[in-house]
Amino acid sequence: MSEVIELIKKYVRAANYLTAIQIYLLDNFLLERPLNFDDIKPRLLGHWGTCPGVNFIYANLNYLIKKHRVDILFILGPGHGFAALQANLFLEGVLGKYYPQAKLSEEGIGYLARNFSWPYGFPSHSNPGAPGVILEGGELGYSLATSYGAVLDNPDLIAACVVGDGEAETGPTAAAWHLNKLVDPKINGAVLPILHLNGYKISGPTVFGRMSNRELKSLFYGYGYEPHIIEGKKVYERMAEVLEKSYQSIRNIQKSARSGSSLVSPRFPMIILKTPKGWTGVKKLSGEKIEGNYPSHQVVCKNAKENSSERKVLEKWLHSYQFENLFNKEKGFVGDIKSLIPDSGFRMGENKHSFGGAQKPLILPEAGQFSEDAAKPGTIGSSSMRRAGLYLNEVFRLNKKENNFRLFSPDETYSNKLDAVFASTSRAFVWPLKPWDKDLRPDGKVMEMLSEHNLQGLMQGYVLTGRNAVFASYEAFIPIVTSMVDQYIKFLRIAKEIEWRGDVASLNYILTSSGWRQEHNGFSHQNPGFITDMLQRQGCFVRVYFPPDGNSALAVLKRCLASKNEINLIVAGKTLEPRWLTIKSAEKELERGLMIWDFASDQDPDIVISAIGDYLTKEALAAIDIIKNEAREIKVRFVNIMELSALGLGNYECRAPLNNFEDYFTKDKPVIFNFHGYPQTLKQILFDYGGGDGRFSVHGYVENGSTTTPFDMQVRNNTSRYHLAKEVFIKMASAGVLDKKKAETLNKKYDQKLADHREYIKKHGVDPEEIEKWQWKNIL
């Protein structure tokens, strides 16, 4: 074993040297002469502190792979340690496979160093341009959840997840340790968490760094792991021993589970690696402790270009690795280092699960299989989520053999009316079950945890390794993952530009239990902010769908599940609401993203009313009902919008062209929009369509809410049928279409209706029957 340890040490020395020169050197990469001003980069960017530990871990994992030919996906939580990861990708030859200039030669070393943190070169953090990467790690907290997502339904895969002790302080990571309780070893792979504990963040100690070994072991044992602490002078020997023991433990647990044994609370290993911050680097600088302290977090010797004393310190540090004994200009790297590189196909940088493109498309049922009769518009009795639940259940059933679909939900599958899926599967849970537990099984495909962060991480890991998913959530609480989704969109955008990264399934979100029907839970449950943030993302990556009824929800759901490389939001309610469209009509509207509803429209209209969202659609049509009953001389057109993107309305490759826009909304007639989200969100989209000329008005959620009645939510936000009708009367009087005195009379009438409604609900606690039992009539 001592010979193996020496091989690993040599590899780590080489990796540390390659890591350091990426941060500092612009020339003289082999230190063939003393460093001078011109050899140092003008801007020193990168993070040294975590890198030596990352190199140490990578080298030891390589040995484990060589020994057992094991399939390991490397996931780096501290993405700022990318220089280390890049050094290892270079050493194993994978970087050169995708970047031919990164040859294992003097020129290749120069290419590696010169282009790190350099304009149009390589970024400073993990990124999609690095082979084997499925997590950027710029925003900390998501490595463990992503790792668990990657191993779901990947029974032979081990995800080696490096969690920095700074990252371990984040809320998402704190909850992610409990994901072991949802992962059945019978059907899934395993995560080997490696908590890299170097003790410091940017400017101070980490919480974990000041905990005793007893506290650390107690904590992680309580979380359900078998913790192994590695530290001290024998760290190399101890790491090799613990990795082997951990590997055998993982395989024994899996073998037992797969042989039919009943396992309750399987205790998988995890490693706590304690190495100094900036290990092997500069010990002291200007009298300040560097190695084993926070100043080594980023760039040590940051004045090395201008300051000759610091430059000499840097040079001495780099020479300490004796790189000249590890690399020869003519022969390349020595055989000892080459011997530690896994065979092609087993190198972590080319792990087959990390490149996309390998996923098997879902077998999708026809939407019409679960549609309801809507030949008569306005028929009551459709729940979009009930329809969606039936559809998703069939997706589970059809794809059982391929094992490539999961539903993620924060304890809301029942509440969101998607529980039809439990006819085919259950909720995953590996810890002890009680006799009265419902729809819980170790091998369930529905992942429920009251941590939206971790569901998002699970989904990203699952999708980026070739599978398909839906994330269903209360609309008000999904914004907690906004930053994660933003990071993922950045990843996706760059990945699409890289030819060797294949397609991945879209991330599909169902936003239900919307604020418009959270009148019983109150103001805290009323928040459409996620829609706003997603519509800020430029390009065609994000599509937001607002199906107006159950049949439309089915058509949208099928499209989303068939799509690739996108972020899809389906915003739909769960309550019983009117059916407006047949499945064929819904599919027709979905083709363009918007449609004139002829059954609610006059020819040559005086005004256009448009709605986006199921509850807002009902109010808009109820307003038309009022208008046609009170003032038939007003000709109205109704346009339903089913899809929005950051670039505009509809689905004409993200937007409806201006000339087509006028086909729907006329060239000069007033248009009133009734929008599910914040009015300003829609206004910014309408700006490019001439929204500044005053003919557009937008109603939407204006942050007025409480525990009240469903219709009062519309009243409070000026989106009710009464508010819409009143605005039409005013606009049509101004246009000369409606007599002004009649308009005044009608406005007074509906002002009184609003006042009467308020008094009624204060007395009775529910909306009056004329609201609750309203139905569309054929009034044209």
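Calculation notes
Residues numbered from 1 in each chain as written. Predicted model: local features only at pLDDT ≥ 70, side-chain atom pairs only at ≥ 80, totals over all residues. Heavy atoms only, no water. Axes fitted to C-alpha atoms, helices over the stretch in contact; angles between N-to-C directions. Helix = DSSP H or I, 4+ residues; strand = E, 2+ residues; numbered from the N terminus. Parallel < 35°, antiparallel > 145°, perpendicular 65-115°, else oblique. Left-handed = near helix turned anticlockwise from the far one by under 90°. Contact = heavy atoms within 4.5 Å. Nonpolar A, V, L, I, M, F, W, Y, C, P; charged D, E, K, R; others polar. Expected span 1.5 Å × (residues − 1). Pairing = 2+ DSSP bridges. Phe/Tyr/Trp six-rings, centres within 6.5 Å; stacked < 30°, edge-to-face > 60°. Buried < 20%, exposed > 50% of the residue type's maximum accessible area, 1.4 Å probe, protein only. Lys NZ or Arg CZ within 6 Å of the ring centre and 35° of its normal. Right-handed = clockwise from strand over helix to strand, strands pointing away. Polar contact = N/O pair within 3.5 Å; in protein donor to acceptor, adjacent residues only side chain to side chain.

Undergrad: Go over the packing of helix α6 (residues 143–151) against helix α13 (residues 452–464), please, and point to the residues and values.
TA: Relative to each other, α6 and α13 sit at 45 degrees, their axes nearing to 6 Å. As judged from the angle between their axes, α6 and α13 are oblique. Like other packed secondary-structure pairs, α6 and α13 cross with a definite hand, here right-handed. The residues of α13 that touch α6, namely those facing A145, T146, Y148, G149 and A150, are N454, G457, L458, G461 and Y462. For the contact of α6 with α13, the residue count by class is 5 nonpolar, 5 polar and no charged.

Undergrad: With reference to specific residues and values, describe helix α14 (residues 482–495).
TA: Its 14 residues place the ends of α14 20 Å apart at the C-alpha level, agreeing with the 20 Å of an ideal helix rising 1.5 Å per residue. The elements touched by buried residues of α14 are α13, β16 (507–512), α15 (529–534), β17 (542–545) and β18 (567–571).

Undergrad: Describe in detail the sheet that holds strand β22 (residues 636–641), supporting the description with residues and values.
TA: The 5 strands lie next to each other as β20-β22-β21-β25-β26, forming an open sheet whose pairing is mixed. Lying at the two open borders of the sheet, with one neighbouring strand each, are β20 (594–596) and β26 (696–699). Neighbour to neighbour, the strand axes of the sheet diverge by 20 degrees on average, direction disregarded. Looking at chain direction, strand β25 (residues 671–675) and β26 are connected through 4 bridges and run parallel. Its bridge partner lying in β26, N674 is registered against H699. Docked against the sheet, helix α20 (residues 679–686) engages β21 (607–612), β25 and β26, running at close to 150 degrees with respect to β26.

Undergrad: Can you explain helix α9 (residues 235–258)? Please cite residues and give values.
TA: Compared with the 34 Å implied by 1.5 Å per residue over 24 residues, the 34 Å span of α9 between its first and last C-alpha is a close match. One or two steps after α9, the chain reaches G260, where phi turns positive at roughly 105 degrees.

Undergrad: Kindly report on the packing of helix α1 (residues 2–24) against helix α3 (residues 82–91), identifying the contributing residues and their values.
TA: Axes are the key here: two packed helices are described by the angle between their axes and the distance separating the axes. Across the interface, α1 lies against α3 with an axial gap of 8 Å and an inter-helix angle of 120 degrees. For the element pair α1 / α3, the angle class is oblique. As α1 runs across α3, the sense of the crossing is right-handed. Taken together, the residues of α3 that come into contact with α1 (itself represented by Y11, A14, A15, L18, T19 and Q22) are A83, A84, Q86, A87, N88, F90 and L91. By residue class, the composition of the contact of α1 with α3 is 9 nonpolar, 4 polar and no charged.

Undergrad: Can you break down the packing of aromatic side chains residue by residue, with the values?
TA: Here the structure, examined in full by the defined rule, presents 44 aromatic pairs. Note on Y17 and F323: the rings are 4.2 Å apart at their centroids and 15 degrees apart in plane angle, and the pair reads as stacked. Here F323 lies in the loop between α10 (308–319) and β8 (327–328) and Y17 lies in helix α1, a separation of 306 residues in the sequence. This pair shows no difference in class: Y17 is buried, exactly as F323 is. Each member of the aromatic cluster is reached from another via a ring pair, and the members are Y17, F90, F323, F327 and F333. Taking NZ or CZ as reference, K305 lies 4.0 Å from the ring centre of F37, over its face. We note R721 situated over the ring of W774; from NZ or CZ to the ring centre the distance is 5.4 Å.

Undergrad: Quick one: what's the story with the side chain of H453, residue by residue and with numbers?
TA: Relative to the helices and strands, H453 resides in helix α13. Overall, the relative accessible area of 18% leaves H453 in the buried class. With near-sequence residues (within four places) excluded, H453 lies in contact with Y142, P172, I480, V481 and M484.

Undergrad: Let's hear about the environment of T707: which residues, and what values?
TA: Within the element layout of this structure, T707 appears in the loop between β26 and α21 (710–716). The class of T707 is exposed, set by a relative accessible area of 52%. Note: C-alpha distance between T707 and E519 (188 residues apart in sequence) is 5.0 Å. Filtering out sequence-adjacent residues up to four positions away, T707 remains in contact with E519, H520, N521 and G522.

Undergrad: Requested: an account of the pairing of β22, with residues and values cited.
TA: The buried fraction of β22 amounts to 6 of the 6 residues, a majority that puts the element mostly inside the structure. Here β22 shows two buried faces, one formed by V636, F638 and N640 and the other by R637, V639 and I641. Inspection of the sheet shows β20 paired to β22 by 3 bridges, in the antiparallel sense. Residue L594 lies in a different strand from β22, and its bridge partner there is I641. Looking at chain direction, β21 and β22 are connected through 5 bridges and run parallel. Each residue of the ladder has a partner; that of I609, found in β22, is F638. Between the parallel pair β21 and β22, the chain is carried across by helix α18 (residues 614–630), and the sense of this crossover is right-handed.

Undergrad: Lay out the pairing of β18 with the relevant residues and their values.
TA: In summary, the side chains of a regular strand alternate between the two faces of the sheet. Counted residue by residue, β18 has 5 buried out of 5 residues, so it is predominantly covered. Alternating residues of β18 divide into I567, L569 and V571 and N568 and I570, and every residue in both groups is buried. Sheet analysis places β16 next to β18, joined by 5 bridges and oriented parallel. Its bridge partner lying in β18, L507 is registered against I567. Pairing geometry for β17 and β18, over 4 bridges, is parallel. Residue R543 lies in a different strand from β18, and its bridge partner there is N568. Between the parallel pair β17 and β18, the chain is carried across by helix α16 (residues 550–562), and the sense of this crossover is right-handed.

Undergrad: Run through the environment of T681, naming residues and quoting values.
TA: Residue position: T681 is located in helix α20. Among the residues examined, T681 registers a relative accessible area of 3% and is labelled buried. For T681 and V698, which are 17 residues apart along the polypeptide, the C-alpha to C-alpha distance reads 9.7 Å. If we ignore the near neighbours within four places in the chain, the residues touching T681 are T532, L535 and F675. Within the local environment of T681, its side chain forms a polar contact with the side chain of T532, the two groups lying 2.7 Å apart.

Everything listed here is a matter of geometry and, on its own, says nothing about what the molecule does.
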